[in-house]
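Per-entry structural report
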Amino acid sequence: MNRDWKRAMTLGFVLLIMILAANPANAQLERNSLAQTPPMGWNSWNKFACNVSEDLIKSVADAIVTNGMKDAGYQYVVIDDCWQVSRDENGFIVADAQRFPSGIKALADYVHSKGLKFGLYSDAGAKTCAGRPGSQGHEYQDALQYARWGVDYLKYDWCSTGTRNAEEAYSTMNKALLATGRPIVFSMCEWGTAKPWLWANGIGNLWRTTGDISDVWSSNKKWPDGSCCQLGFVNILDLQADLYSYAGPGHWNDPDMMEVGNGGMTIPEYRAHFSFWALLAAPLISGNDVRSMTPEIKEILTNPDVIAVNQDKLGREGRRIAKNGDLEVWAKPLSDGSRAVILFNRGSSESEISVNWVQIGYPEHLAAKVRDLWAHKDVGSFTGNYSAKVSSHSVVMVEIAP
Ligand code: GLA
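Okay, so let's go over this structure.

Section: helix α3 (residues 54-66)
- Its 13 residues place the ends of α3 18 Å apart at the C-alpha level, agreeing with the 18 Å of an ideal helix rising 1.5 Å per residue.
- Glu54, Leu56, Ile57, Val60, Ala61, Ala63 and Ile64 are the residues of α3 that are buried.
- Looking at the buried residues of α3, the elements they touch are β1 (40-43), α2 (45-48), α4 (69-72), β2 (76-78) and α5 (103-113).
- One or two steps after α3, the chain reaches Gly68, where phi turns positive at roughly 95°.

Here we look at α5
- Where α5 is concerned, the buried positions are Ile104, Leu107, Ala108 and Val111. For α5, the angular spread of buried residues about the axis comes to 100°, placing them on one side.
- Those residues of α5 that are buried are in contact with α3, β2, β4 (93-95), β5 (117-123) and α6 (139-149).
- Within two residues after α5, Gly115 carries a phi angle of roughly 80°, on the positive side.

Points about the layout of surface pockets
- Each pocket or cavity is described by its volume, and for the largest pocket that value is around 320 Å³.
- Its residues placed into classes, the lining of the largest pocket shows 11 nonpolar, 1 polar and 6 charged.
- Its volume calculated, the second largest pocket comes out at about 220 Å³.
- Contributing to the lining of the second largest pocket are 15 residues, with Arg316, Arg319, Ala331, Lys332 and Pro333 lying nearest its centre.
- Elements with a contribution of two residues or more to the lining of the second largest pocket: β11 (319-324) and β12 (327-333).

Overview of the site of the ligand
- Around the ligand there are 13 residues in total, and Asp80, Asp81, Lys155, Asp157 and Asp212 lie nearest to it.
- Between the ligand and Asp80, the relevant distance is 2.7 Å, taken from an oxygen atom to a side-chain nitrogen or oxygen of the residue.
- Here the ligand occupies the largest pocket.
- Of the residues in the shell around the ligand, the class split is 7 nonpolar, no polar and 6 charged.

Considerations on the environment of Ser53
- Along the chain, the position of Ser53 falls in the loop between α2 and α3.
- On the basis of relative accessibility, which here comes to 18%, the residue Ser53 falls in the buried class.
- Looking at Ser53, its side chain comes within polar contact range of the main-chain nitrogen of Leu56, at 3.1 Å.

Digging into the side chain of Ser394
- Mapped onto the fold, Ser394 is located in strand β18 (residues 394-401).
- Since its relative accessible area comes to 8%, Ser394 is described here as buried.

Section: the sheet that holds strand β9 (residues 252-254)
- Overall, parallel pairing links the 8 strands, which are arranged β9-β8-β7-β6-β5-β2-β1-β10 in an open sheet. The open sheet terminates on both sides in strands that have one partner only, identified here as β9 and β10 (284-286). Mean inter-strand twist for the sheet, computed between neighbouring axes without regard to direction, equals 25°.
- Note that β1 and β2 share 3 bridges and pair parallel. Within β2, the residue paired with Gly41 across the bridge is Tyr76.
- Running at roughly 150° to β1, α3 makes contact with β1 and β2 of the sheet.
- Packing against the sheet, helix α7 (residues 166-179) makes contact with β6 (153-157) and β7 (185-188), and its axis sits at approximately 160° to β6.

Some words on the packing of helix α8 (residues 233-240) against helix α9 (residues 267-279)
- Axis separation between α8 and α9 bottoms out at 11 Å; the angle between their running directions is 20°. If you check the angle between α8 and α9, you find them roughly parallel. Read as a crossing pair, α8 and α9 show a hand that is left-handed. The segment α8 lies against α9, with Phe233, Ile236 and Leu237 engaging Ala272, His273, Phe276 and Trp277.
- A class-by-class count of the residues in the contact of α8 with α9 yields 6 nonpolar, 1 polar and no charged.

What to know about the pattern of salt bridges
- Going through the model one piece at a time under the given rule, you end up with 18 salt bridges.
- A salt bridge links Asp62 to Lys114; its shortest N-O distance comes to 3.4 Å. Of this pair, Asp62 sits in helix α3 while Lys114 sits in the loop between α5 and β5; the two residues are 52 residues apart in sequence, bridging distant segments of the chain.
- With a shortest N-O distance of 3.3 Å, Arg371 and Asp378 are connected by a salt bridge.
- A residue is classified by how much of its surface remains accessible, and Arg371, at 27% relative accessible area, is partly exposed.
- When its relative accessible area of 58% is taken as the criterion, Asp378 is described as exposed.
- Sharing partners across several salt bridges, the network here consists of Asp238, Arg320, Lys323, Glu328 and Arg346.

Describing the pairing of β6
- For β6, a buried count of 5 out of 5 residues is recorded, marking the element as mostly surrounded by other parts of the structure.
- The two faces of β6 match: Tyr153, Lys155 and Asp157 on one face and Leu154 and Tyr156 on the other face are all buried.
- Where β5 and β6 come together, 5 bridges link them in parallel fashion. The partner of Gly119 across the bridge, within β6, is Tyr153.
- After leaving β5, the chain enters α6 and then returns to the sheet as β6, a path that is right-handed.
- Relative to β7, β6 runs parallel, the two being bridged by 4 bridges. Following the sheet pairing, Tyr153 is matched in β7 by Val185.
- Each parallel crossover has a hand, and for β6 linked through α7 to β7 it is right-handed.

Conventions used here
Residues numbered from 1 in each chain as written. Predicted model: local features only at pLDDT ≥ 70, side-chain atom pairs only at ≥ 80, totals over all residues. Heavy atoms only, no water. Helix = DSSP H or I, 4+ residues; strand = E, 2+ residues; numbered from the N terminus. Expected span 1.5 Å × (residues − 1). Buried < 20%, exposed > 50% of the residue type's maximum accessible area, 1.4 Å probe, protein only. Contact = heavy atoms within 4.5 Å. Arc of directions from axis to C-beta. 1 Å grid on protein atoms, 1.4 Å probe; cavity = no way out; pocket = protein on both sides within 12 Å on 5 of 7 lines; lining within 4 Å. Points joined across faces, edges and corners; volume = space filled by probe spheres on them. Nonpolar A, V, L, I, M, F, W, Y, C, P; charged D, E, K, R; others polar. Near = heavy atom within 4 Å. Polar contact = N/O pair within 3.5 Å; in protein donor to acceptor, adjacent residues only side chain to side chain. Sits in = over half its atoms within 2 Å of the grid points. Pairing = 2+ DSSP bridges. Axes fitted to C-alpha atoms, helices over the stretch in contact; angles between N-to-C directions. Parallel < 35°, antiparallel > 145°, perpendicular 65-115°, else oblique. Left-handed = near helix turned anticlockwise from the far one by under 90°. Salt bridge = Lys/Arg side-chain N within 4 Å of Asp/Glu carboxyl O. Right-handed = clockwise from strand over helix to strand, strands pointing away.

Here's what the structure looks like:
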């Protein structure tokens, strides 16, 4: 009798554990369960800097729905710096009442009503980069407020952090966000200073790897204080070349938000910029005025073939597999066994560039189908290699399928 009772108790206990474990309400939110593919969206900074308001954000959300970007996969509408002005008597963060008269909750509701997600910006220091109140010492309070407002994405900057340890600072905000129980994608903006790719998997969903991008092809201009240097598209690209092994589902390298459409580069250069952000499994965060794009810019930002490469569920970051002066080949393995390949010409005149099968891990005798992702057409079946003429400052981007 006593033994039966014990057995019944044990069985009951095991059943209870199984029920608790299976109940999703008890499931702990984990950082890596968010952003299984690179986040796609829009951020105010590159085009509008501090000139943000609820009217701007609402009109951008409207545009993303009507211009095809939402259907192409863009989801997060993120207000960068300058939405916040002070803290109230209880320490809660206060939004600029002139620019956001309806409040942040109403704005988040509006963005959600469009079937999009809503993001905000803060900073791990006492002040943001534009001198607004940062989150240092208010991490849990801010995370709670974001969750109450319905925030889905937080970009978290690194200005005025003094001697603060980056891993500690970002871990604190990560824990604060997770403690709210709301799935909030965590975008770390530490500029690569403390090599976050080495420690931030499980802390952030994406981490900036470099200083800020500028809307130029290439730059070596020094900053006014003499420090080096403004970063153009190719400068940022070169800084990514060795980081491919650190990215994967839920944890991405972030080479910064895109400049596509902001006017400083040519259409082929923007096509190259977008192709590379896709191949690098980078977050596709547009940074232009999406309310008034030319058809060429819209066509770049919404190219379904290129976006599919970025959003491929295998989540591997592409890498450089060959370099010969100004001519390069980059490749990204995809979940169906095919490869996305970029033939890249940095030079000033048209050149022929080849990728051979051995470089992308295929046997030489394999006949593989090649699809041009900008021409949107199958170009045929090739054995051993594929070559194309590539114009100056341009890419040819193909998918090669066995
Ligand atoms: C830093 C970041 C930028 C932007 C600004 C805002 O420079 O790297 O992306 O958020 O701050 O002040």
